[in-house]
Amino acid sequence: MVKTKVDFNSDIGESFGQYKLGLDGEIIQHVSSVNIACGFHAGDPMWMSKTVRLAEKNGVGIGAHPSYPDLQGFGRRNMNIEPEEVKNDVIYQIGALTGFTSNKKLQHVKPHGAMYNNAVKDEKLAAAICSAIIEADSKLILLALSGSRWISIAKEMGLKVAQEVFADRAINNDGSLVSRSIDGSVLHDPDLIAERSLKMIKQGYITSIDGEDVEVDADSICMHGDNPAAVKIAAEVKGALKSSGIEIVPLSELL
């Protein structure tokens, strides 16, 4: 089925203390939803407050971007943490970000980095994250990798789920993200990224790093805000979608 609407999301709010990371003010002009760091991999109370205000000013959907407690590793290191601890960490981070919103409500939750990638393959971890979301606010939307077992676990648990694809990341044959340690895992060419995004939305597949076609179901396209070409990429993807008649809307308008 050809989609006529899609969410376009980006990870923002990843500055910390005096260290500014990303071009949040420019990126937010092009997206419809944002995933805001909650202090465990990036962000702090001051930046969380600033970023929420920026998102509210621009009328985009606000989501929590919880992580393993890994500031030094930017949440990208694998950590051996019991599901119950992960659940409580996620509840904590959702609550912290919610407190900065004007209406005390978030649109969605999208785990970050290693937590996200591990939940794609670890059913206990996936269920723990889903349980955390249900306890925090059962009306929240989980944003998770298209086609993964995580999607079906969330649905079985009664959560609203949006399937996510990645504009600027290469994928493996099973649909998972290629490790950042491998050359070519992160894409930088805005034209190529826009072309890939259109293919995923209009044709329902993407070509893996090994050249195989992989089916995807895209409710939302993610572009990473820490990509050096992020602003240009965001503009190119937005322009390509609009010129193809695809409307960019927040997740709350899709589900």
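Residues numbered from 1 in each chain as written. Predicted model: local features only at pLDDT ≥ 70, side-chain atom pairs only at ≥ 80, totals over all residues. Heavy atoms only, no water.

### Here we look at the pattern of salt bridges
In plain terms, the rule: Any carboxyl oxygen of Asp or Glu that lies within 4 Å of a side-chain nitrogen of Lys or Arg is treated as forming a salt bridge with it. Strands here are runs of E lasting at least two residues and helices are runs of H or I lasting at least four, both read from the DSSP assignment and numbered beginning at the N terminus. Buried means the residue's accessible area, taken with a 1.4 Å probe over protein chains only, is under 20% of the maximum for its type, while exposed means over 50%, and partly exposed covers the values in between.
Applying the stated criterion across every chain, the model contains 9 salt bridges. Asp219 is paired through a salt bridge with Lys3; the nearest N and O atoms lie 3.7 Å apart. Here Asp219 is found in the loop between strand E8 (213–215) and strand E9 (220–224), whereas its partner Lys3 is found in the segment before strand E1 (5–12), with 216 residues between them in sequence. Asp219 sits in the buried class, given a relative accessible area of 16%. One network of salt bridges, in which partners are shared, links Lys3, Asp217 and Asp219.

### Focus on the packing of helix H5 (residues 123–137) against helix H6 (residues 149–156)
Let me state the cut-off plainly: The axes used here are C-alpha line fits, helices contributing only the stretch in contact, and every angle between their N-to-C directions lies in the interval 0 to 180 degrees. Just so you know how the angles are binned, under 35 degrees is roughly parallel, over 145 roughly antiparallel, 65 to 115 roughly perpendicular, and the rest oblique. Crossing chirality is assigned from the near helix's rotation relative to the far helix, an anticlockwise turn below a right angle marking it left-handed and a clockwise turn marking it right-handed. The contact criterion used is simple: two residues touch if any of their non-hydrogen atoms lie within 4.5 Å. Just so you know the grouping, Ala, Val, Leu, Ile, Met, Phe, Trp, Tyr, Cys and Pro go in nonpolar, Asp, Glu, Lys and Arg go in charged, and all remaining residues, Gly too, go in polar.
Packing of H5 against H6 leaves a shortest axis separation of 10 Å and a crossing angle of 45°. Put simply, H5 runs oblique to H6. As for the relative orientation of H5 and H6, their crossing is right-handed in sense. For the pair H5 and H6, contact is made by Glu123, Ala126, Ala127, Ile129 and Cys130 and by Arg149, Trp150, Ile153 and Ala154, respectively. Taken together, the residues of the contact of H5 with H6 sort by class into 7 nonpolar, no polar and 2 charged.

### Remarks on the side chain of Asp89
Counted only if it meets this: We treat Lys and Arg as the positive residues and Asp and Glu as the negative residues; His and chain ends play no part in the count.
With respect to the secondary-structure elements, Asp89 resides in helix H3 (residues 83–98). One buried charged side chain, Asp89, makes no salt bridge at all; its nearest oppositely charged neighbour is Lys87, positioned 12 Å away.

### Examining a nonpolar patch on the surface
Quick reminder of the rule: Residues enter patches when their relative accessible area tops 30% and they take part in no salt bridge; the joining distance is 9 Å for like charges and 5 Å for the nonpolar side chains Val, Leu, Ile, Met, Phe, Trp and Tyr. Only the protein chains shown count as cover for residues, and the accessible areas themselves come from Shrake-Rupley with a 1.4 Å probe.
The grouping of Phe16, Tyr19 and Leu71 at the surface amounts to a nonpolar patch, some 350 Å² of accessible area in total. Looking at the secondary structure, you find Phe16 in the loop between E1 and helix H1 (24–27).

### Remarks on unusual backbone geometry
Phi at Phe74 is positive, roughly 55°, even though this residue is not glycine. Relative to the assigned elements, Phe74 resides in the loop between strand E3 (61–65) and H3. The class of Phe74 is buried, set by a relative accessible area of 15%. Here the phi dihedral of Lys104 falls at roughly 55°; this positive angle occurs in a residue that is not glycine.

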